[in-house]
Amino acid sequence: MDTGISLDTYKIFCAVARTGNMSSAAKELFISQPAVSMAVKQLEERLGGQLLVRTPKGVRLTPEGRVLFNYLDMAFNMVKTAEHKYFELANLEKGEVRIGASDVVISGYLMPYIEKFSKAYSDIRIKVVNKTTYESLELLKRGVIDMCFVNLPIEAGDDMEITKCVRIHDCLIGGTKYRELAKTGVKLSELSNYPLLLLEDMSNTRKQLDRFAAENGIFFKPIIELASYDLLIQFARINLGLTFIIREFDNSSIDGENIFEIPVEPQLPQRYVGLVMLKNAALSFAARRFVELLGLDGENWKE
């Protein structure tokens, strides 16, 4: 039943019930005592029953007035709690950032930003989901994560906003068995003469590598396919074959003693890691602050 009673009227009643005095309630609310008396009278008329008993020393609640006050007091306290929780989020005292990315993007690009954000906002929870590009995009569409960082290019829908984060280059590496190739280089068409260790074909990085090879009339037949860059590098180190890594993220593994970078002709095209968000999704204060921390120049990506 909608009585049409305003929250201000209920606030006045609660102030009277709490202080036990019309004058004290008026001072607390910065309104006149007649205004307080009128509001209480109108409330009783609307509800159809007496809420307060007037005495020479003030007022006291009737049994029905006590029940009404108890529930209203809880309700107003919940409002205060809601406001407090909101301002905790707005002031970055609480909150959550949900990110999706592959392990190589997390370790090679995101880790310094995650560390910086965590130190600056220690009470904000950072949830990182380690998924492939297409798995991350699916989680984004379902609202499971706020943003994802993926290897570009991708087939993007109209509901996605994609921003370039960092330029990356794929490079070929091998162990000591292929030391001479680091000096002479190798043609893309010659790679079929060597054992290849590649990421699984479900990864976007592998898809782009296969597409580049196909554009040059070449089709790779790896002897090993894995989901982990780290394992590919380890296998290359023990001379099981050649593999591709992202130079900007795994450069430390190319030590010139156990692992060597091998020039490829033609050179593989540069790519980007991109930040993907949904255009019509409202980011939390914490998520927006994380994006700001990245310091991106706002250059959007288009295929």
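Student: Even after reading the chapter, I still don't get the packing of aromatic side chains, so can you show me in this structure?
Tutor: In this description, a pair of aromatic rings is defined by centroid distance and the angle of the planes. Counted according to the given criterion, the structure contains eight aromatic pairs. Judged by centre distance (5.4 Å) and plane angle (80 degrees), the rings of Tyr86 and Phe87 are edge-to-face. Residue Phe87 is classed as partly exposed on the basis of its relative accessible area of 47%. Between Tyr178 and Tyr194 the ring centres are 6.1 Å apart and the planes differ by 75 degrees, which places this aromatic pair in the edge-to-face class. Of the two residues, Tyr178 sits in the loop between β7 (170–174) and α7 (181–184) while Tyr194 sits in the loop between β8 (186–187) and β9 (196–199), which places them 16 residues apart along the sequence. Residue Tyr178 is classed as buried on the basis of its relative accessible area of 6%. You can call Tyr194 partly exposed: its relative accessible area is 25%. In this structure an aromatic cluster arises from ring pairing among Tyr86, Phe87 and Phe285. A cation over an aromatic ring shows up here: Lys164 above the ring of Tyr272, its NZ or CZ 4.4 Å from the ring centre.

Student: Please clarify how empty space enclosed by the protein should be interpreted in this entry.
Tutor: A probe as big as a water molecule, rolled over the atoms, marks out the empty space that is left. Counting across every chain of the model gives one cavity of 30 Å³ or more. When its volume is computed, the largest cavity comes out at roughly 80 Å³. Residue lining of the largest cavity: Asp170, Leu198, Leu199, Thr205, Arg206, Leu209, Tyr229, Leu232, Thr243 and Phe244, and that is the complete set. Every element with two or more residues in the lining of the largest cavity is listed here: β9, α8 (204–215), α9 (229–237) and β11 (242–246). Per element, the largest residue contribution to the lining of the largest cavity is three residues, and it comes from α8. Of the residues contributing to the lining of the largest cavity, the split by class is six nonpolar, two polar and two charged.

Student: Looking at this structure, I do not really get the environment of Ser107. What am I missing?
Tutor: You can see Ser107 is positioned in helix α5 (residues 103–120). On a C-alpha basis, the gap between Ser107 and Phe249 in space is 7.7 Å, while along the polypeptide they are 142 residues apart.

Student: Which parts of the structure should I look at to understand the sheet that holds strand β3 (residues 96–101)?
Tutor: The strands making up a sheet associate through backbone hydrogen bonding, with each pair oriented either parallel or antiparallel. Pairing is mixed across the open sheet formed by five strands, whose spatial order is β4-β3-β5-β14-β6. Where the open sheet ends on each side, the last strands, each with one partner, are β4 (125–130) and β6 (160–168). Strand-to-strand, the axes of this sheet are offset by a mean angle of 20 degrees, without reference to chain direction. Its contacts with the sheet put α5 on β3, β4, β5 (147–151), β6 and β14 (271–278), and the angle it makes with β4 is roughly 180 degrees. Lying on the sheet, helix α6 (residues 133–141) is in contact with β3, β4, β5, β6 and β14; it crosses β5 at an angle near 155 degrees.

Definitions and cut-offs
- Residues numbered from 1 in each chain as written.
- Predicted model: local features only at pLDDT ≥ 70, side-chain atom pairs only at ≥ 80, totals over all residues.
- Heavy atoms only, no water.
- Phe/Tyr/Trp six-rings, centres within 6.5 Å; stacked < 30°, edge-to-face > 60°.
- Buried < 20%, exposed > 50% of the residue type's maximum accessible area, 1.4 Å probe, protein only.
- Helix = DSSP H or I, 4+ residues; strand = E, 2+ residues; numbered from the N terminus.
- Lys NZ or Arg CZ within 6 Å of the ring centre and 35° of its normal.
- 1 Å grid on protein atoms, 1.4 Å probe; cavity = no way out; pocket = protein on both sides within 12 Å on 5 of 7 lines; lining within 4 Å.
- Points joined across faces, edges and corners; volume = space filled by probe spheres on them.
- Nonpolar A, V, L, I, M, F, W, Y, C, P; charged D, E, K, R; others polar.
- Pairing = 2+ DSSP bridges.
- Axes fitted to C-alpha atoms, helices over the stretch in contact; angles between N-to-C directions.
- Contact = heavy atoms within 4.5 Å.

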